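# Observations on the model geometry
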Amino acid sequence: MTAVLPARLRKPPGRRPAGPPPGPEGNGPRVTWLGRLASGLTAAALGVAAWQVLSLFSDGWMPGAGEVAAATADVLTDSGFYGDAWLSLRRVLTVLAASVLAGLLIGIAAGLSRYAEAFLRPILVIGLAIPDPVYIILTILIMGISETSGVVALVVAITPLVANVVSGAVLARDHSLDEMARTYRLGPAAYARHVLAAQVRPAVVGALRTSFAFSWKLVVLMETMTRPDGVGARIYEAFRFLRPEDMIACALVFTVLMRVIEVLALRRLDRPLPH
Amino acid sequence: MRGTVPASGPADGDPYLELRGVTVKHADRTVVSGIDLALRPGEFVALLGPSGCGKSSLLHVLAGLAPVAGGALRHRGDEATDGLRGRVRVGYVFQDHRLLPWRTVGQNIEIAMKAAGVPAAEWDERIERFLGMLRVAEYRGSWPMRLSGGQRQRVSIARALAVEPDVVLMDEPFSGLDEVTGRAMRQELTRLHEVASVPTLFVTHSIREALFLADRVVILSHGPARVLKTLDVPLARPRRHEDPALARLEAETVADVLREWDLTEGPAS
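Please read these numbers as outputs of a predicted model, since none were measured by experiment.

Here we come to helix α1 (residues 55-62) of chain B. Residues and elements named next belong to chain B. Counting buried residues along α1, seven of its eight residues qualify, which places the element largely inside the surrounding structure. The set of residues buried in α1 consists of K55, S57, L58, L59, H60, V61 and L62. Trailing α1 by a residue or two, G64 shows a phi angle of about 85°, which is positive.

Shown next, in the form of structure tokens:
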């Protein structure tokens, strides 16, 4: 026998298969990074040009690209903005954590038990169908305007989304592995860790990313409606005082910030299963 | 692994497992009807039946995956009709490997051993031993899906034996393998059984496989399964696939089975 490292210490085999990857990239000539950069810059330049043209036909209501760029520079040098951005980000993370946790629990219950699924399915369907601002309005009517009511509204809005994705993944699990687990008497914790988690993980990561995208947009919306602070409140203030360039600049900077967080934090979770 | 039948085993004359008139149902449908069967300590019994006759359902009952719908189940002479869970540690080899693709070969075996209560200090030695016996030791750190079908099934057998089983249940484990690999695996299994002497119930629909492996072959009817005939295999061990005596016995058993399954007027198979 060849000498082997203990299984836990071994690095998984390389995951990049040999040869060209499947999908569109494998069907034609590969685009170099330089080509990609040039394409991206061209698209951005066209977007800015289109923006500039539209601003010329908007009777001065729509700021030009230069005004937006100047406002963006102001936002970036304004320390108050970072305080508001941190406040919004904290709300986003709170909503995300609570809704993913609740959605996971509900989704796993619905996926593992037919009775729970029969009970929860109509609730999830209705929960998904209700427009998100309705949750915010209803929660304000019930709980009043407060930090808590805003967060609760968004958790209630996003939880059905997570639960739906997770329950689908749990239902679609490999039932033959359940049989194996029962035969070898794996306890609930071992079953969850070794059998279920890996099968549900891609769906959970997908739900996490979608929830994050929904969370920060809804947090901004909620802040415009109910809060005196946060990025949403800044955007609303700029709208009230007819400063569209500030409004756009705030939204632009916060959007970039959220995208960076998504790419750096959430994309790292995308890890294919060994095959 | 328990090398021999424990001295404190069943009382003289008591089979290790005994089924009396056992009936198994799926919903309202009877899939096994009044089976009488005994598995003696250290014995290798093959259950031979046509596809879909309920052989696998019987194994499910013994593995504790399904309840007994009628009849009685006894373990070493004691009543066990409510199920063998908690009484018997089962090593199960499924028709497909059923290894966790996201755990390495070694981890798959570790998980089963941990659940079976095998002391952690013994894991390493057991993994080495059983993977070595099945000639897949070098794949301990590999992902199961990187292995061939035969190698995966070897790992699956190693897992079944590593949990220190009281009984091994095998559900057509070699039916998905090519002929050469299947032969090699049967040879390995015979060797392992001689070393381990764990009572083994082996489900198959291959007559030659049943005769090559088993001490006793129980021929089942079309579903719902019932016992048509029991055959003590009169072949000395070690057995060889090329043995003319095996071929003769196979021919006789085929004729017998065709008659029992009422296929003598049907197309030759």
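What follows is about the side chain of E172(B). Residue and element names in this part refer to chain B. Mapping E172 onto the fold places it in the loop between β7 (167-171) and α5 (179-196). Within the local environment of E172, its side chain forms a polar contact with the side chain of H205, the two groups lying 3.1 Å apart. In contact with E172, not counting residues within four places along its chain, are K55, Q95, V203, T204 and H205.

To continue, consider the sheet that holds strand β4 (residues 70-75) of chain B. Residue and element names in this part refer to chain B. Spatially, the four strands line up as an open sheet ordered β2-β1-β4-β5, and their pairing is antiparallel. Of all strands in the sheet, those bounded by a partner on one side alone are β2 (29-39) and β5 (78-79). Of the strand pairs in this sheet, strand β1 (residues 17-26) and β4 are connected by five bridges, and their pairing is antiparallel. When the bridges of β4 are listed, T23 appears paired with G70. Together, β1, β2 and β4 form the strand contacts of α1, whose direction differs from that of β1 by roughly 115°.

Across chain B, the average pLDDT comes to 86, with 93% of residues at 70 or higher. Scored by ipTM, the complex comes to 0.84, with pTM at 0.76.

The next subject is the interface of chain A and chain B. Counting residues at the interface gives 26 residues for chain A, matched by 37 residues for chain B. In total, about 2900 Å² of surface goes out of reach between chain A and chain B, with carbon and sulfur atoms giving 60% of it. Two residues, E179(A) and R98(B), come together in a salt bridge whose shortest N-O distance is 2.5 Å. Taken together, chain A and chain B are joined by seven residue pairs in polar contact (both at pLDDT 80 or more). Counting residues per element, the side of chain A that touches chain B draws most heavily on helix α7 (residues 175-183) of chain A, at six residues. Across the side of chain A that touches chain B, the residue classes tally to 13 nonpolar, seven polar and six charged.

Parameters at a glance
Residues numbered from 1 in each chain as written. Chains lettered and ligands numbered in written order. Predicted model: local features only at pLDDT ≥ 70, side-chain atom pairs only at ≥ 80, totals over all residues. Heavy atoms only, no water. Buried < 20%, exposed > 50% of the residue type's maximum accessible area, 1.4 Å probe, protein only. Helix = DSSP H or I, 4+ residues; strand = E, 2+ residues; numbered from the N terminus. Polar contact = N/O pair within 3.5 Å; in protein donor to acceptor, adjacent residues only side chain to side chain. Contact = heavy atoms within 4.5 Å. Pairing = 2+ DSSP bridges. Axes fitted to C-alpha atoms, helices over the stretch in contact; angles between N-to-C directions. pLDDT = per-residue confidence, 0-100. Buried area = accessible area lost by both parts, 1.4 Å probe. Salt bridge = Lys/Arg side-chain N within 4 Å of Asp/Glu carboxyl O. Nonpolar A, V, L, I, M, F, W, Y, C, P; charged D, E, K, R; others polar.

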